[in-house]
Amino acid sequence: MKGAEMKFFIDTANLDEIAEAKSWGCLAGVTTNPSLYAKTGGKLEDFEPHMVKIAKLCEGLPVSAESTAETTEEMIAEGRRLAALAPNIVVKLPICPEALAATHTLAAEGIRVNMTLIFSAPQALLAANAGARYVSPFLGRFDDVGEDGVAQLADVVEVIQNYDWSGKNVDNQVEIISASIRTPYHVTQAARLGADIATVPFAALKKCVQHPLTDKGLASFKADWEKVKAAQ
Ligand SMILES: O=C(CO)[C@@H](O)[C@H](O)[C@H](O)[C@H](O)COP(=O)(O)O
């Protein structure tokens, strides 16, 4: 089923970047991961309070907080703890057998799970069947190894949109978050394929706003307006 729009999430744990992107009026969510949290310079004990800050800043919007647990039991415990931090926290788990089992339990409790590190359609199908609310296929990392990330995303979009996921999670739907987005080209391709969401790092988001011809056009509008003013 096609979504009403393609939503923009920001892929960062940096509060200033999130606040600025939110001020643009087109932000629909936030995704974070351990590497993005590490980039903020945050300490281990500040991780959960930091996620609460993001969740408050983006009240009502889904904010993915990633678990670093390794066993199913630990993932369930951490998932419950993260989900209890704020109503808009989505528990992010990397696909593996332990995480599928944890997703099944968490989804049955009404907790939203975003299954990440998806690199194939079967992985996405397994995640959705286990109860994931979101699946996150990666684009850029395919390009890094000389493969076609867009073609892989096309497979994921097609197979997920082939089915009705009612009864699998609390919202009865699975949304595809295109992740590892590096460029405006990736955003265009994600939208062309009908992915529900593109989660975009702040630098790439800014590149999506800019275009050299926009800058050129603006400069000439300004110059011409100065001429109008000077002629008064
Ligand atoms: O999985 C999600 C969103 O659900 C992302 O946060 C994901 O972790 C990131 O897009 C990637 O890890 C970023 O990867 P990259 O820019 O290093 O390729």
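Residues numbered from 1 in each chain as written. Predicted model: local features only at pLDDT ≥ 70, side-chain atom pairs only at ≥ 80, totals over all residues. Heavy atoms only, no water.

- As recorded in an unreviewed UniProt entry, the chain goes by the name Transaldolase, listed as coming from Lancefieldella rimae.

**Remarks on the site of the ligand**
Reasoning step 1: The full set close to the ligand counts 13 residues, and Asp11, Thr116, Ser136, Ser180 and Arg182 are the nearest of them.
Reasoning step 2: Residue Asp11 places a side-chain N or O atom 2.5 Å away from an oxygen atom belonging to the ligand.
Reasoning step 3: Side-chain polar atom of Asn33 to an oxygen atom of the ligand: 2.9 Å apart, as the coordinates give it.
Reasoning step 4: For the ligand, the accessible surface in isolation is 440 Å², of which the surrounding protein chains cover 85%.
Reasoning step 5: When the residues that make up the shell around the ligand are grouped by side-chain class, the tally is two nonpolar, seven polar and four charged. (Near = heavy atom within 4 Å. Polar contact = N/O pair within 3.5 Å; in protein donor to acceptor, adjacent residues only side chain to side chain. Areas by Shrake-Rupley, 256 points an atom, 1.4 Å probe, with all protein chains shown as cover. Nonpolar A, V, L, I, M, F, W, Y, C, P; charged D, E, K, R; others polar.)

**So, the environment of Gly140**
Reasoning step 1: Inspection of the secondary structure assignment puts Gly140 in helix α7 (residues 140-144).
Reasoning step 2: Sequence separation between Gly140 and Met6 is 134 residues, and the spatial gap between their C-alpha atoms is 19 Å.
Reasoning step 3: With near-sequence residues (within four places) excluded, Gly140 lies in contact with Ala179, Ser180, Arg182 and His186. (Helix = DSSP H or I, 4+ residues; strand = E, 2+ residues; numbered from the N terminus. Contact = heavy atoms within 4.5 Å.)

**Overview of the packing of helix α4 (residues 72-85) against helix α5 (residues 97-108)**
Think of two packed helices as two axes; the pair is described by the angle between the axes and how far apart they sit.
Reasoning step 1: Two elements in contact, α4 and α5, have axes whose closest approach is 8 Å; the angle formed by their N-to-C orientations is 45 degrees. Comparing the axis directions of α4 and α5 gives the class oblique. The interaxial crossing formed by α4 with α5 has right-handed handedness. The segment α4 lies against α5, with Thr72, Met75, Ile76, Gly79 and Arg80 engaging Glu98, Ala99, Ala101, Ala102, Thr105 and Leu106.
Reasoning step 2: Of the residues in the contact of α4 with α5, the class split is six nonpolar, three polar and two charged. (Axes fitted to C-alpha atoms, helices over the stretch in contact; angles between N-to-C directions. Parallel < 35°, antiparallel > 145°, perpendicular 65-115°, else oblique. Left-handed = near helix turned anticlockwise from the far one by under 90°.)

**Some remarks on the pattern of salt bridges**
Reasoning step 1: Evaluation of the coordinates by the stated rule reveals ten salt bridges.
Reasoning step 2: Here Glu175 ties to Lys7 by a salt bridge, and the two come within 2.6 Å at their closest N and O atoms. Residue Glu175 is found in strand β7 (residues 175-178), and its partner Lys7 is found in strand β1 (residues 7-11); the two are separated by 168 residues along the sequence.
Reasoning step 3: Residue classification places Glu175 among the buried positions, given a relative accessible area of 6%.
Reasoning step 4: For Arg182, the salt bridge goes to Asp144, with nearest N and O atoms at 3.0 Å. Here the residue Arg182 occupies a position in the loop between β7 and α9 (184-193), and Asp144 occupies one in helix α7, the gap between them amounting to 38 residues. (Salt bridge = Lys/Arg side-chain N within 4 Å of Asp/Glu carboxyl O. Buried < 20%, exposed > 50% of the residue type's maximum accessible area, 1.4 Å probe, protein only.)

**Structural notes on the confidence of the model for the chain**
Reasoning step 1: The share of residues in the chain with pLDDT of 70 or more is 99%, and the mean pLDDT across the chain is 96.
Reasoning step 2: Two summary scores accompany this predicted model of the complex, namely pTM at 0.95 and ipTM at 0.97. (pLDDT = per-residue confidence, 0-100.)

**Brief notes about the pairing of strand β2 (residues 27-31)**
Reasoning step 1: For β2, the buried fraction is high: five of the five residues fall into the buried class.
Reasoning step 2: For β1 and β2, the ladder comprises four bridges, and the chain directions are parallel. For Phe9, the partnering residue across the bridge sits in β2 and is Gly29.
Reasoning step 3: Read as a crossover between parallel neighbours, the route from β1 over helix α1 (residues 15-23) to β2 is right-handed. (Pairing = 2+ DSSP bridges. Right-handed = clockwise from strand over helix to strand, strands pointing away.)

**With respect to the side chain of Asn33**
Reasoning step 1: Note that Asn33 resides in the loop between β2 and α2 (34-39).
Reasoning step 2: By relative accessible area, Asn33 is classed as buried at 19%.
Reasoning step 3: At 2.7 Å, the side chain of Asn33 forms a polar contact with the backbone nitrogen of Leu36.

**What to know about α4**
Reasoning step 1: Across its 14 residues, α4 extends 20 Å between first and last C-alpha, which sits within 8% of the 20 Å expected from 1.5 Å per residue.
Reasoning step 2: Restricting attention to buried positions, one finds in α4 the residues Thr72, Met75, Ile76, Glu78, Gly79, Leu82 and Ala83.
Reasoning step 3: Next to the buried residues of α4 lie α3 (47-57), β3 (63-66), β4 (89-94) and α5. (Expected span 1.5 Å × (residues − 1).)

**Observations concerning the sheet that holds β3**
Reasoning step 1: Strand order in this closed barrel of eight strands is β1-β2-β3-β4-β5-β6-β7-β8, and the pairing throughout is parallel. When the angles between neighbouring strand axes are averaged without regard to direction, this sheet yields 25 degrees.
Reasoning step 2: Pairing geometry for strand β6 (residues 134-137) and β7, over two bridges, is parallel. Pairing of Tyr134 across the sheet is with Glu175, part of β7.
Reasoning step 3: Set on the sheet, α1 makes contact with β1 and β2; between it and β2 the angle comes to about 165 degrees.

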